[in-house]
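Summary of structural features
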Amino acid sequence: MSAVSDRLPVFPWDKLEPYKATAAGHPDGIVDLSVGTPVDPVPDLIQKALVAAADSPGYPTVWGTPALRDAITGWAERRLGGRDLTHRHVLPIVGSKELVAWLPTQLGLGPDDTVAYPRLAYPTYEVGARLARARYVAYDDPTQLDPAGLKLLWLNSPSNPTGRVLAEEELARIVAWAREHGVLVVSDECYLELGWEADPVSVLHPDVNGGSYDGVVAVHSLSKRSNLAGYRAAFLVGDPAVLGPLLEIRKHGGMMTSAPTQAAVVAALSDDAHVREQRERYAARRATLREALLAHGFRIEHSEASLYLWATRDESCWETVAHLADRGILVAPGDFYGPAGARFVRVALTATDDRIDAAAARLRNRP
């Protein structure tokens, strides 16, 4: 039973528990800016769609309802600039994390294959490679990688944890290089609608992919943009030659989104107003936290998009975590995302307005 778990690293968040206990001891309570889980209400129109579909006694399909597929293609064309998308270009998934973790296995990768991901990255990219027993490598510039045996190239723009955004020209260069070497590009774009100082571009845009989806897949989630983390609602858009076999595998595995969730996603993707409202909330929280962190002596790098501020005091990330925990603020240590993050912390914007204000007040009180 331990054969699979033995391939995996220690679950990183377990290491944060002592600091969480310290932060929870603050007289005014903890301000948890670590995990990045949404705290604002699910928009009313989405809740109503979920309730209206609650009487769903039959099994849902893995591919989703035609209405769901229409909603995904329509949104991807309207918001991402995709062209000529059909139902064959989309695939619902049960939240994006399960896809990231199991994609190398579902692609049939193994010990002779390599998975590549950014130097600073969501740790599940590596976990997915480990689960498949594939090799894995972190990169600064993927076009400098040895393409021999490289089968899966993860992109992540906007980045978790840094908030860095890859420019359109950079994305186009990477896609062209990957195609030249027969490497599948999967772009994790879950924070794409949360650009602050940059306008993120999808690999689905024709200026990036040249009007072809060959060898290109984008991953999108409703967890952040619509506060649906609890619904486990996400989807893929891209190359039908990749998504078709994945659909068949996922049918056999029963990896289906619930029928009420599918109805909720249709409502979420058909409305842009709630996304604008949520962006405004996050923008205000970002401004408050950014000013307070800078006043406390932090330096912030990148962070031009996403739900995080990538901050440093030019010391060990764990020293910073302890420093903030003593003030009742819990953040994520940068080394969760790779050795290159050892002197940074990731500060999430996902707390209520009053908790964000509390954190800012504690930071402004410098001692």
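First things first, this report covers the structure right here in the doc. Being a predicted model, the structure only gives us computed values, none of them experimental.

Reading the values: rules and limits
Residues numbered from 1 in each chain as written. Predicted model: local features only at pLDDT ≥ 70, side-chain atom pairs only at ≥ 80, totals over all residues. Heavy atoms only, no water. Pairing = 2+ DSSP bridges. Helix = DSSP H or I, 4+ residues; strand = E, 2+ residues; numbered from the N terminus. Axes fitted to C-alpha atoms, helices over the stretch in contact; angles between N-to-C directions. Contact = heavy atoms within 4.5 Å. Buried < 20%, exposed > 50% of the residue type's maximum accessible area, 1.4 Å probe, protein only. Right-handed = clockwise from strand over helix to strand, strands pointing away. Phe/Tyr/Trp six-rings, centres within 6.5 Å; stacked < 30°, edge-to-face > 60°. Lys NZ or Arg CZ within 6 Å of the ring centre and 35° of its normal.

Side note on the sheet that holds strand β8 (residues 234-238)
Read from one edge to the other, the open sheet built from 7 strands follows the order β2-β8-β7-β6-β5-β3-β4, with strand pairing classed as mixed. This sheet does not close on itself; its edge strands, each paired only once, are β2 (90-93) and β4 (135-139). Direction aside, neighbouring strands of the sheet carry axes that sit 20° apart on average. By the bridge criterion, 5 bridges tie strand β3 (residues 114-118) to β4 in an arrangement that is parallel. Bridged to proline 118 within β4 is tyrosine 139. Across the sheet, helix α7 (residues 168-180) touches β5 (150-156), β6 (184-188) and β7 (216-221), and the angle it forms with β5 is around 170°.

Looking at the pairing of β5
Of all 7 residues in β5, 6 are buried, a share of seventy percent or more. Here β3 runs beside β5; their pairing, made up of 3 bridges, is parallel. Looking across to β5, one finds that alanine 116 is bridged to leucine 153. Both β5 and β6 contribute to a ladder of 5 bridges, which runs parallel. Note on β6: the bridge partner recorded for leucine 153 is valine 185. Where the polypeptide runs from β5 across α7 and back to β6, its parallel neighbour, the crossover connection is right-handed.

Here we look at unusual backbone geometry
Between serine 157 and the following residue, proline 158, the backbone shows a cis peptide bond with an omega angle of 0°. Inspection of the secondary structure puts proline 158 in the loop between β5 and α7. Although it is not a glycine, arginine 133 adopts a positive phi angle of roughly 60°. Here arginine 133 shows up in the loop between α6 (124-131) and β4. Non-glycine residue asparagine 227 carries a positive phi angle of around 60°.

Digging into the packing of aromatic side chains
Scanning the model with the defined rule gives 11 aromatic pairs in all. Ring geometry for tyrosine 122 versus tyrosine 125: centroids 5.7 Å apart, planes at 80°, classification edge-to-face. Taking the relative accessible area as the measure of exposure, tyrosine 125 reaches 0% and is therefore buried. Lying over the aromatic face of tryptophan 63, arginine 69 brings its terminal NZ or CZ to 3.8 Å of the ring centre. Over the face of the ring belonging to phenylalanine 298 we find arginine 313, whose NZ or CZ atom lies 5.9 Å from the ring centre.

A closer look at the pairing of strand β13 (residues 345-348)
Burial along β13 is two-sided: the residues Val345 and Val347 and Arg346 and Ala348 are all buried. Note that strand β10 (residues 308-312) and β13 share 4 bridges and pair antiparallel. Among the inter-strand pairings, alanine 311 is bridged to a residue of β13, identified as valine 345. In this structure, strand β12 (residues 332-333) lies alongside β13, joined through 2 bridges in antiparallel fashion. Across the sheet, proline 333 pairs through a bridge with valine 345, a residue of β13.

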